[in-house]
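Working through the structure, step by step
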Amino acid sequence: MNKKVSLGVAISLVAVACAITFVLTMTVSLNMYNSMVTGVQERETINAKIKEIDTFVRSSSIYELEENDILNGIMNGYISGLDDKYAKYYTTSEYYKKQQIESGEIIGVGIETVIEGDYLKITEVYEDSSAEVAEIRKDYVITKVNGKDILAIGAEEAQRMLDGEEGTKLTITTKAPDGTENTVTLVRQVIELQSVKGAIVDGYAYIKISTFNGLTDDQFTQLIDKYESQSVLGYIFDLRNVSEGDIAPLQSMLGRIMPKATVAKKVLADGSEEEILMTDGVQEIKKPISVIVNTGTACTAELFAVALRDFSNAVLVGSVTAGKAELQTTKSFKDGSAVSISTARVYPMQSESFDDAGLKPDYIIDITQQEEMAIKFADPSTDVQLQKAVEAVASINLQ
């Protein structure tokens, strides 16, 4: 039986509902306001502290202040205070170099450096570059640039001096690990970074990926097309020590070899989710695949490996991976510097998260640093992990 509600009761119910809504709205607004006020107060405390220190130092220090060094020190200090081990502050020169590397092309003499103590340590020498021709090697230390001692000009200024226009010359003095010094004149040139290399090993296509940059996807798909035309038996992808790289190339790279799938999702700071790395399966390669990984395989490379394991029945060979599931976003500023912070976490759609735990290979083959240094490209006789990857891919039955 239907019961009628009097007008007075109806008005009372509406009033109660409005009151509840008002209380909830006020509570949420108050919490947001308190959070904002707390944030403002904390920022004011930070700024006041910096100002106090700055006033004391400028009035009392016996050392000359380098404004740029102080600014960079403050920025690095702020980033180091975050609970984000992948956060990084880039000086103007560092960010310029980062942009070049990510594009896949750099202008320079063919070396990458890091500031180590008072000097610059060479961490990378690119193939066919002016530096390689001059027989400069990784782990050499640069002590002078254009005749100027780095102790006098500062390591950061010396690092900036390495950059310049195409065709210009640069003189550097290096010290080898055995103490031998050498001065050479190099020429800056446009260097296309070869991030993908391939070879045939026992009938299988061996493809080594060194990073994921703006040219990696084109280089990768060209190699796949080449090896497909040669009717290779299968593929071995080597992702060892691929610790950095853009996620963007993965879309077309995976799309060239995988079946239709949604590989992963990312969860942002506000809790919202977004599916990523969707493939249509049009160019799927139905051949056995093995992937070589190690403790230096991180983030983008881990996503590549987990995608092939979950959707292409690939087997993993090597050591447990880094377990880096955070994605970073980089924000640049007017002075050319930039900050990169973790803004999302990725989760595979079909398997467990590799965050912190890493990906555990189907065949664990750990090697020593000495064994790793002795490895020659595409040579199973010097590479036990590649040996096992060949055995593993040969044993895969796709039927």
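The paragraphs below set out a description of the structure included in this document.

Calculation rules
Residues numbered from 1 in each chain as written. Predicted model: local features only at pLDDT ≥ 70, side-chain atom pairs only at ≥ 80, totals over all residues. Heavy atoms only, no water. Phe/Tyr/Trp six-rings, centres within 6.5 Å; stacked < 30°, edge-to-face > 60°. Helix = DSSP H or I, 4+ residues; strand = E, 2+ residues; numbered from the N terminus. Buried < 20%, exposed > 50% of the residue type's maximum accessible area, 1.4 Å probe, protein only. Lys NZ or Arg CZ within 6 Å of the ring centre and 35° of its normal. Salt bridge = Lys/Arg side-chain N within 4 Å of Asp/Glu carboxyl O. 1 Å grid on protein atoms, 1.4 Å probe; cavity = no way out; pocket = protein on both sides within 12 Å on 5 of 7 lines; lining within 4 Å. Points joined across faces, edges and corners; volume = space filled by probe spheres on them. Nonpolar A, V, L, I, M, F, W, Y, C, P; charged D, E, K, R; others polar. Contact = heavy atoms within 4.5 Å. Pairing = 2+ DSSP bridges. Patch = residues over 30% accessible without salt bridge, like charges linked within 9 Å, V, L, I, M, F, W, Y side chains within 5 Å. Areas by Shrake-Rupley, 256 points an atom, 1.4 Å probe, with all protein chains shown as cover. Axes fitted to C-alpha atoms, helices over the stretch in contact; angles between N-to-C directions. Parallel < 35°, antiparallel > 145°, perpendicular 65-115°, else oblique. Left-handed = near helix turned anticlockwise from the far one by under 90°. Core = buried A, V, L, I, M, F, W, Y, C linked by side-chain atoms within 4.5 Å.

Turning our eyes to something else, we now look at the packing of aromatic side chains. Within this structure, the stated rule accounts for seven aromatic pairs. Here Phe212 and Phe304 contribute two aromatic rings whose centre-to-centre distance is 6.1 Å and whose plane-to-plane angle is 45°, an arrangement assigned as tilted. Linking Phe212 in the loop between strand S11 (204-209) and helix H7 (216-229) with Phe304 in helix H9 (residues 300-311), this pair joins segments that are 92 residues apart in sequence. For the residue pair Phe212 and Phe304, the accessibility class agrees, reading buried in each case. By way of ring pairs, the aromatic residues Phe212, Phe220, Tyr235, Phe237 and Phe304 are connected into one cluster. Taking the ring centre of Phe377 as reference, the NZ or CZ of Lys197 above it sits at 4.4 Å.

This next bit is on the pattern of salt bridges. Taken as a whole and assessed by the stated rule, the structure comprises 19 salt bridges. Across the pair Asp383 and Arg240 runs a salt bridge, and its minimum N-O distance is 2.7 Å. Residue Asp383 is found in the loop between helix H10 (369-373) and helix H11 (384-395), and its partner Arg240 is found in the loop between strand S12 (235-238) and helix H8 (248-255); the two are separated by 143 residues along the sequence. Neither Asp383 nor Arg240 differs from the other in exposure class; each is buried. The salt bridge involving Arg345 is made with Glu326; its shortest N-O contact spans 3.8 Å. Pair noted here: Arg345 is in strand S18 (residues 338-348) and Glu326 is in strand S17 (residues 326-332), with a separation of 19 residues, a long-range link. Using a relative accessible area of 10% as the deciding quantity, one classes Glu326 as buried. Each of Lys208, Asp238, Arg240 and Asp383 takes part in salt bridges that share partners, so that together they form one network.

All right, on to the layout of surface pockets then. As a volume, the second largest pocket reaches approximately 400 Å³. As for the second largest pocket, its lining consists of 19 residues, and the residues nearest its centre are Met75, Tyr78, Ile79, Phe333 and Val339. Mapped by element, the contributors of at least two residues to the lining of the second largest pocket are helix H1 (7-60), helix H2 (67-80), S17 and S18. In the lining of the second largest pocket, the residues fall into eleven nonpolar, four polar and four charged.

What follows covers H8. Owing to its 3.6 residues per turn, the α-helix brings residues three or four apart onto one side. Burial in H8 covers these residues: Pro249, Leu250, Met253, Leu254 and Gly255. Of the surrounding secondary structure, the elements contacted by the buried residues of H8 are S11, H7, strand S13 (261-268), strand S14 (273-279) and H9.

Time to look at the pairing of S17. Pairing of S17 with S18 involves seven bridges; the strand directions are antiparallel. Each residue of the ladder has a partner; that of Lys331, found in S18, is Val339. As consecutive antiparallel partners, S17 and S18 are separated by five residues, and within that stretch Gly336 has a phi angle of approximately 95°, a positive value.

Taken together, the side chains of Ile46, Ile50, Leu71, Ile74, Met75, Tyr78, Leu82 and Ile341 make up a nonpolar region of the molecular surface, amounting to roughly 630 Å² of accessible area. Listing elements by their share of the nonpolar patch, those giving two or more residues are H1 and H2. At four residues, the largest contribution of residues to the nonpolar patch is made by H2. You can see Ile341 is positioned in strand S18.

So, about the packing of H7 against H8. The N-to-C vectors of H7 and H8 enclose an angle of 15°; their axes lie 9 Å apart at closest approach. Comparing the axis directions of H7 and H8 gives the class roughly parallel. The interaxial crossing formed by H7 with H8 has right-handed handedness. In this structure, H7 uses Thr216, Asp217, Phe220 and Thr221 to contact H8, whose residues at the interface are Pro249, Ser252 and Met253. Of the residues contributing to the contact of H7 with H8, the split by class is three nonpolar, three polar and one charged.

All right, on to the nonpolar core then. Counting residues in each nonpolar core, the largest one holds 45 residues, and the members touching the most others are Ile207, Phe220, Tyr235, Phe237, Phe304 and Leu308. The biggest single contributor to this core is H9, with eight residues. Setting aside its immediate chain neighbours within four residues, Ile207 contacts Val196, Lys197, Gly198, Phe220, Leu223, Ile224, Tyr227, Tyr235, Ile236, Phe237 and Asp238.

So, about the side chain of Ser312. When you line up the elements, Ser312 lands in the loop between H9 and strand S16 (315-318). In this view, Ser312 contacts Ile257, Met258, Pro259, Ile289 and Ala307; residues no more than four positions away in its chain are not counted.

The next point concerns the sheet that holds strand S15 (residues 289-293). Within the open sheet, the six strands sit side by side as S10-S11-S12-S15-S16-S19. Their pairing is mixed. For this open sheet the edge positions go to strand S10 (196-201) and strand S19 (363-364), each flanked by a neighbour on one side alone. Note: S15 against S16, four bridges, orientation parallel. Residue pairing for S16: Val293 is matched across the bridge by Gly318.

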